[in-house]
Amino acid sequence: MTNSQLARQHRHYLAVRERLAGSTAAPSRSAAIAELEMQVVELATEGAAKTRRIAALEEDLADAEARLLAQAQMLLSGRLADDSDGEANDEQSSIEEIVAAVLADFPGVTWADIISVRRDRRLVKPRHACMRAVYEKRKDLSLPRIGRIFHRDHTTVLAAVKGAAP
């Protein structure tokens, strides 16, 4: 039970006890103050819970926006490669093509594994190799943008790029 439910239940029990005892006298001043203090605590607890929920929702919204941006960019890069009718420039190859070429060297690792939140040892090397390949072949993409594509921070991409050469 939450504190607010316990406070309501306590007030209800006090009212029932007062009715059963037949007390018709007005509640004392200290009882009224105690009840108001309980209501303040209850409201403060509810306010803190709502603040935590709002912070969690804002974090989820920011994550969703980053994912949408990465997906839109991936779709756009794929569409640009399709619109060129075979005149695709090696420098502007789509991210899917770059990643697919790198993942050919890592059997059993998929795009879903690369962008997942898992940090298994078997995924780190292919993930960094993919980030490095995208960075090298797509000079038009910034580190933060590459990070959004891979659902990572730009500093992770920087570490992958600066890391040991393949």
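For clarity, every value in this text was computed on a predicted model and none was experimentally measured.

Turning our eyes to something else, we now look at the side chain of E42. With respect to the element layout, E42 can be found in helix α2 (residues 29-83). With relative accessibility at 8%, the residue E42 sits in the buried group. A polar side-chain atom of E42 sits 3.4 Å from a polar atom in the side chain of R8. Among residues more than four places away in sequence, those in contact with E42 are S4, A7, R8 and R11.

Our next topic: the UniProt feature "coiled-coil region" (unreviewed entry) in the chain. The feature "coiled-coil region" (unreviewed entry), as annotated in UniProt, sits at residues 47-74 in this numbering. When the span residues 47-74 is considered, its composition is 100% helix and 0% strand, and the gap between its end C-alpha atoms is 41 Å.

Here we come to helix α5 (residues 121-137). Taking 1.5 Å per residue as the helical rise, α5 with its 17 residues ought to reach 24 Å, and the 25 Å between its terminal C-alpha atoms agrees with that figure. Buried residues of α5: L123, P126, R127, A129, C130, M131, R132, A133 and V134, and no others. Where the residues of α5 are buried, they touch α3 (95-103), α4 (111-115), α6 (143-149) and α7 (154-162).

Time to look at the packing of α3 against α5. In the contact formed by α3 and α5, the axes pass within 9 Å of each other and the chain directions differ by 135°. Accordingly, the angle class assigned to the pair α3 and α5 is oblique. As for how α3 packs across α5, the hand of that crossing is right-handed. Taking contact as the criterion, the partners of I95, I98, V99, V102 and L103 in α3 are, on α5, P126, A129, C130, A133, V134 and K137. Residue composition of the contact of α3 with α5, by class: ten nonpolar, no polar and one charged.

So, on to the packing of aromatic side chains. Counting across every chain of the model gives one aromatic pair. When the ring centre of Y135 is taken as reference, the NZ or CZ atom of K139 above it lies at 5.1 Å.

Inspection of the entire model under this criterion finds five salt bridges. A salt bridge links E42 to R11, with the shortest nitrogen-to-oxygen separation between them at 3.4 Å. Of this pair, E42 sits in helix α2 while R11 sits in helix α1 (residues 3-21), and the two are 31 residues apart along the sequence. The salt bridge involving R138 is made with D140; its shortest N-O contact spans 3.0 Å.

Thresholds applied
Residues numbered from 1 in each chain as written. Predicted model: local features only at pLDDT ≥ 70, side-chain atom pairs only at ≥ 80, totals over all residues. Heavy atoms only, no water. Helix = DSSP H or I, 4+ residues; strand = E, 2+ residues; numbered from the N terminus. Buried < 20%, exposed > 50% of the residue type's maximum accessible area, 1.4 Å probe, protein only. Polar contact = N/O pair within 3.5 Å; in protein donor to acceptor, adjacent residues only side chain to side chain. Contact = heavy atoms within 4.5 Å. UniProt positions renumbered as here; feature names shortened; annotations may be inferred. Expected span 1.5 Å × (residues − 1). Axes fitted to C-alpha atoms, helices over the stretch in contact; angles between N-to-C directions. Parallel < 35°, antiparallel > 145°, perpendicular 65-115°, else oblique. Left-handed = near helix turned anticlockwise from the far one by under 90°. Nonpolar A, V, L, I, M, F, W, Y, C, P; charged D, E, K, R; others polar. Phe/Tyr/Trp six-rings, centres within 6.5 Å; stacked < 30°, edge-to-face > 60°. Lys NZ or Arg CZ within 6 Å of the ring centre and 35° of its normal. Salt bridge = Lys/Arg side-chain N within 4 Å of Asp/Glu carboxyl O.

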